[in-house]
Amino acid sequence: MNLPNAITFSRLVMTAAFVVAVSQRNLPGYGIGLTLFIVAAASDWLDGYLARKMGLVTPLGKLMDPLADKILVSAAFIFFTERGLCPVWVTALIIGREFLVTGLRTIAMEAGHVLAADNLGKWKTTFQLAYLIAGLIWLTGEKAGKMFPVLDYLKHLARPYAEGGWLQPVFLWVAVALTVISGWNYVWSGRGLLRAK
């Protein structure tokens, strides 16, 4: 257990706390959930940076870092679907893509190959996180009303399509497109492994 791996594991703890917080469906819960989600998302960059900078890249870190990311994003999308902010099929597509890529990487590892992450996958994650943060800002702002002028302004920018917003839907549909394209790229890259006997 080193510092980057400790940060990765803390992301799992923050994900659990995020789920508990947003489940309260009140201003403190949404505010805490938004803060935890932003910190957890930032920690995804921080643990990787520190692992490379300090020469602390480990097999445990390689396993847990993407797993912690997937759990965080999946939990948030499931919550958004339950709140009616995200279609069920989008959440199913995003989670299904993660299972698919994880399975392909496992097959590749057993065959002695590496399916490296591509830039599309990184952009996919960026737009997913941007969408989820925008949605959490809107939920928090809805509960806060006019109490915080800055939050009220951000809520206006981050409102969903049903409320006349455009930023949140753009983030979502770009994330969906990148999810499909990057998923297909992984399947295409691993097609030889899938045909192997």
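The residue count restarts for each chain, going from 1 along the sequence in the order it is written. It should be noted that, the model being predicted, local features are given only for residues of pLDDT at least 70 and side-chain atom pairs only at 80 or more, the latter also being counted only at that level, while totals for whole chains, interfaces and linings use all residues. To obtain the side-chain values, all non-hydrogen atoms of the structure were used and water was disregarded.

Colleague: Pulling in residues and values, what's your account of the pattern of salt bridges?
Modeller: Here, a salt bridge means any side-chain nitrogen of Lys or Arg that lies within 4 Å of a carboxyl oxygen of Asp or Glu. Overall, the coordinates contain 11 salt bridges when judged by the stated rule. Across the salt bridge formed by arginine 11 and aspartate 69, the nearest N and O atoms sit 2.9 Å from each other. Taken together, the residues arginine 11 in helix H1 (residues 3-22) and aspartate 69 in helix H3 (residues 59-82) connect sequence positions 58 residues apart. Arginine 97 is paired through a salt bridge with glutamate 98; the nearest N and O atoms lie 3.3 Å apart. Judged on exposure class, the residue arginine 97 and its partner glutamate 98 are both buried. Members of the salt-bridge network, linked through shared partners, are Arg11, Asp44, Asp47, Asp65 and Asp69. Numbering of helices and strands runs from the N terminus, with a helix taken as a DSSP run of H or I at least four residues long and a strand as a DSSP run of E at least two residues long. Between buried and exposed lies partly exposed: a residue is buried under 20% and exposed over 50% of the maximum accessible area for its type, with that area taken using a 1.4 Å probe on protein chains only.

Colleague: Tell me about the packing of aromatic side chains, and please be specific about residues and values.
Modeller: The criterion for an aromatic pair is that two Phe, Tyr or Trp rings (for Trp, the six-membered ring) have centres within 6.5 Å, with stacked assigned to planes under 30 degrees apart, edge-to-face to planes over 60 apart and tilted to the rest. The full count for this structure, using the stated rule, is 10 aromatic pairs. Judged by centre distance (5.6 Å) and plane angle (50 degrees), the rings of phenylalanine 18 and phenylalanine 37 are tilted. Taken together, the residues span a long stretch of sequence, with phenylalanine 18 in helix H1 and phenylalanine 37 in helix H2 (residues 27-53) at a distance of 19 residues. Considering the side-chain rings of phenylalanine 79 and phenylalanine 80, the 6.0 Å spacing of their centres and the 65 degrees angle between planes classify their relative orientation as edge-to-face. A single burial state applies to phenylalanine 79 and to phenylalanine 80, both of which are buried. Each residue in the set Tyr30, Phe77, Phe79, Phe80 and Tyr131 is aromatic and connected to the rest through ring pairs, giving one cluster.

Colleague: Could you give me a rundown of the nonpolar core, with the residues and numbers involved?
Modeller: Residues belong to a common nonpolar core when they are buried Ala, Val, Leu, Ile, Met, Phe, Trp, Tyr or Cys residues joined through side-chain atoms within 4.5 Å. In this structure, Phe37, Phe77, Phe80, Tyr131, Leu132 and Leu136 are the most contacted members of the largest nonpolar core, which totals 33 residues. Elements that contribute at least two residues to this core include exactly H1, H2, H3, helix H4 (88-110), helix H5 (119-144) and helix H7 (167-189). Broken down by element, the residue count for this core peaks at 9 residues, all from H5. Residue contacts follow a heavy-atom distance rule, with two residues in contact if any of their heavy atoms lie within 4.5 Å. Leaving out residues up to four positions away in the same chain, phenylalanine 37 has contacts with Phe18, Leu72, Ala76, Leu129, Leu132, Ile133 and Leu136.

Colleague: Which residues make up a nonpolar patch on the surface, and what are the values?
Modeller: Exposure above 30% relative accessible area and the absence of a salt bridge qualify a residue for a patch, where like charges join within 9 Å and nonpolar side chains (Val, Leu, Ile, Met, Phe, Trp, Tyr) within 5 Å. For the accessible areas, the method is Shrake-Rupley and the probe is 1.4 Å, while residue cover comes only from the protein chains on display. On the surface, Val150, Tyr153, Leu154 and Leu157 cluster together into a nonpolar patch covering about 380 Å² of accessible area. In this structure, tyrosine 153 sits in helix H6 (residues 149-157). Residue classification places tyrosine 153 among the exposed residues on the basis of a relative accessible area of 53%.

Colleague: Help me get a handle on the side chain of threonine 91, residues and values and all.
Modeller: Position of threonine 91 relative to the elements: it lies in helix H4. Beyond its immediate chain neighbours, meaning those up to four positions away, threonine 91 contacts Phe77, Ile78, Thr81 and Cys86.

Colleague: Please give an account of the layout of surface pockets that cites residues and values.
Modeller: By volume, the largest pocket amounts to about 1800 Å³. Elements supplying a minimum of two residues to the lining of the largest pocket: H1, H2, H3, H4 and H5. At 11 residues, H3 tops the list of elements feeding residues into the lining of the largest pocket. Classification convention: Asp, Glu, Lys, Arg as charged; Ala, Val, Leu, Ile, Met, Phe, Trp, Tyr, Cys, Pro as nonpolar; all other residues, Gly among them, as polar. Taken together, the residues of the lining of the largest pocket sort by class into 23 nonpolar, 12 polar and 14 charged. Site definitions follow a grid-based scheme: protein atoms alone, a 1 Å grid, a 1.4 Å probe that fits but cannot get out for cavities, and for pockets an open set with protein on both sides within 12 Å along at least five of seven lines, plus lining residues having an atom within 4 Å of a point. Grid points are joined across faces, edges and corners, and a volume is the space filled by probe spheres set on the points. The calculated volume of the second largest pocket comes to roughly 200 Å³. Taken together, 13 residues make up the lining of the second largest pocket; nearest its centre are Leu85, Pro160, Tyr161, Ala162 and Gln168. Per-element tally for the lining of the second largest pocket: the top contributor is H7, with 4 residues. Residue composition of the lining of the second largest pocket, by class: 10 nonpolar, 2 polar and 1 charged.

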